Amino acid sequence: MASDGARKQFWKRSNSKVPGSIQHVYGAQHPPFDPLLHGTLLKSTPKVPTTPVKAKRVSTFQEFESNTSDAWDAGEDDDELLAMATESLNSEVVMETAHRVLRNHSQRQNQPSQKKPEPEPQPIAEPPVAPSGDLRLVKSVSESHTPCPSESTSDTVPLQRSQSLPHSATVTLSGTSDTHALGGSALSKRETSRLDKFKQLLAGPNTDLEELRKLSWSGIPKPVRPMTWKLLSGYLPANVDRRPATLQRKQKEYFAFIEHYYNSRNDEVHQDTYRQIHIDIPRMSPEALILQPKVTEIFERILFIWAIRHPASGYVQGINDLVTPFFVVFICEYTDQEDVDKVDVSSVPAEVLRNIEADTYWCMSKLLDGIQDNYTFAQPGIQMKVKMLEELVSRIDERVHRHLDGHEVRYLQFAFRWMNNLLMRELPLRCTIRLWDTYQSEPEGFSHFHLYVCAAFLVRWRREILEERDFQVTWIDFSFFSIAGREEPGISILPPSSEPGGLN
């Protein structure tokens, strides 16, 4: 009876989706398992190990963060890295194998040499030069040891630190003198292999969306990103044959909205909405893109039509930033510009621009359908998410939480904008696009998974936060733009020139 009562108590507990609860996360392990909350599960299914092993610690948020810290790496082969990560090597077996190799090598050296011509001395190879596009190659090669001419050839050469290199790249670096060309080739092979997986998945008669999400979690190759985003957002159907008709129908429907509603932008009932949109768009970034007249007009139409068709929220500052990633991803399909901040739309045909405008509108609408309570009256969605972020941080890093609380820093003061703009004001556009690859591969990426990203910000810069003592007249803003020339974000302390959490 006692066990039945325990089960009933267990099932009565809240199972609402909050940060920290056990939910599937594609491309990573599950969030930390709480032994206190799920103690009955642990007791009901005891496992007796057949061999004595060390007790495993319960996973922590920091371990979860470290396990997924390479999610931003470009061109990685998921299957290869996941297979490497799941391998568990026995140290005794490794050492025994190493000693065996050394013994075999020594025996070969001691065997009487047969009559062979003396090889001519080879010049010392120069240190390999890693491709500039892969920072991990630079690190591994720079830490390797290359013997100098003055060193004895019998000296033991230390092992290279190549843990961050894929196996194929390690072999290539050690087996050729033209490492720059072959290193680039190895990187190209990884990218090509990954791109082929996407193309094969997208070309099928019915795309497996679940498999597409798993493949997209660690990044989507640029050539297939537009189609992948349209599928993951729910804009296009999984069936290949239905996609052209759906595109045509949705694009025609959008421009019917333009014809019906856009001329009313100067009417008294809508002029305030249009005026606010017209003011906010020039404040957006990147300026080189937004200030192009064609782009400005497109953004005005998209935002005005969305506001008219969603009167429960209307237009709210912050929604305008959510248009940019979709527009840039779709426009880059028709331009050769590598820098997404400087895309020039003047060379794109007018008909293509019209289609991109419609696609951008519908994909943005799908995104906002999941977070519209962020923008309704009093913005309850943001209020709730900030509270959930506070609870999450209090559990994963209590010291940071107590430090902020002790200095009377309220999470709403700095996290409001993180929720309102989805970190669009904190990250460069290229990083936002990469982050959205993962967000769209998660069932609730723009709401629940976004909280984990915000919490990771605080954990990543915990040292700077703990060292700060004067929060009375300042508020913290984590910004990628605070360190010029670097892709890594930094922390800056800004004066409260505007209302806390407000938009600049």
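The rules behind these values
- Residues numbered from 1 in each chain as written.
- Predicted model: local features only at pLDDT ≥ 70, side-chain atom pairs only at ≥ 80, totals over all residues.
- Heavy atoms only, no water.
- Salt bridge = Lys/Arg side-chain N within 4 Å of Asp/Glu carboxyl O.
- Buried < 20%, exposed > 50% of the residue type's maximum accessible area, 1.4 Å probe, protein only.
- Helix = DSSP H or I, 4+ residues; strand = E, 2+ residues; numbered from the N terminus.
- Arc of directions from axis to C-beta.
- Contact = heavy atoms within 4.5 Å.
- Core = buried A, V, L, I, M, F, W, Y, C linked by side-chain atoms within 4.5 Å.
- Axes fitted to C-alpha atoms, helices over the stretch in contact; angles between N-to-C directions.
- Left-handed = near helix turned anticlockwise from the far one by under 90°.
- Nonpolar A, V, L, I, M, F, W, Y, C, P; charged D, E, K, R; others polar.
- Polar contact = N/O pair within 3.5 Å; in protein donor to acceptor, adjacent residues only side chain to side chain.

As recorded in an unreviewed UniProt entry, the protein goes by the name TBC1 domain family, member 22a, listed as coming from Rattus norvegicus.

## With respect to the pattern of salt bridges
Here the structure, examined in full by the defined rule, presents 16 salt bridges. A salt bridge links Glu426 to Arg417, with the nearest nitrogen and oxygen atoms 2.4 Å apart. Each member of the pair Glu426 and Arg417 is classed as buried. Residues participating in the shared-partner salt-bridge network are Arg463, Glu464 and Glu467.

## Here we look at helix H18 (residues 398-406)
Val400, His401, His403 and Leu404 are the residues of H18 that are buried. Buried residues along H18 cover an arc of 160° about the axis, so they all sit on one side. Turned more than 90 degrees from where H18 packs its buried face, Arg399 and Gly406 sit exposed. Those residues of H18 that are buried are in contact with helix H17 (380-396), helix H19 (411-420) and helix H22 (462-467). Glu408 sits one or two positions beyond H18 and adopts a positive phi of about 60°.

## A short note on the nonpolar core
The nonpolar side chains of a soluble globular protein tend to be buried, and buried together. Judged by nonpolar contacts, the single largest core of 103 residues is most densely connected at Phe327, Leu389 and Trp436. When residues in this core are grouped by element, the largest group, eleven residues, is from helix H16 (residues 350-371). Other than its neighbours up to four places away in sequence, Trp436 contacts Trp229, Leu322, Pro325, Phe326, Leu367, Leu422, Met424 and Phe446.

## Concerning the packing of helix H12 (residues 271-280) against helix H14 (residues 293-309)
Two packed helices can be described by the angle between their axes and the distance between those axes. Running from N to C, H12 and H14 point in directions that differ by 145°, and their axes come no closer than 10 Å. As H12 runs across H14, the sense of the crossing is right-handed. Within the contact between the two elements, H12 uses Thr273, Tyr274, Ile277 and His278 and H14 uses Glu300, Leu303, Phe304 and Ala307. Its residues assigned to classes, the contact of H12 with H14 comprises five nonpolar, two polar and one charged.

## Brief notes about unusual backbone geometry
For the bond from Ser285 to Pro286, the omega torsion is 5°, close enough to zero to count as cis. You can see Pro286 is positioned in the loop between H12 and helix H13 (287-290). One non-glycine residue, Gln379, lies in the positive phi region at around 50°. Relative to the helices and strands, Gln379 is located in the loop between H16 and H17. Its relative accessible area of 16% is what places Gln379 among the buried residues. One non-glycine residue, Leu423, adopts positive backbone phi at about 65°. Among the structural elements, Leu423 can be located in the loop between H19 and helix H20 (429-441).

## What about the environment of Asn374?
In this structure, Asn374 sits in the loop between H16 and H17. Remark: the alpha-carbon pair of Asn374 and Asn420, spanning 46 residues in sequence, is separated by 6.9 Å. In this structure Asn374 touches Gln379, Gly381, Ile382, Lys385 and Met419, once residues within four positions along its chain are discounted.

## Some remarks on the environment of Thr376
Checked against the element boundaries, Thr376 lands in the loop between H16 and H17. Apart from the residues lying within four places of it in its own chain, the contact partners of Thr376 are Ala312 and Ser313. Of note is the side chain of Thr376, whose polar atom sits 3.5 Å from the backbone oxygen of Asp373.

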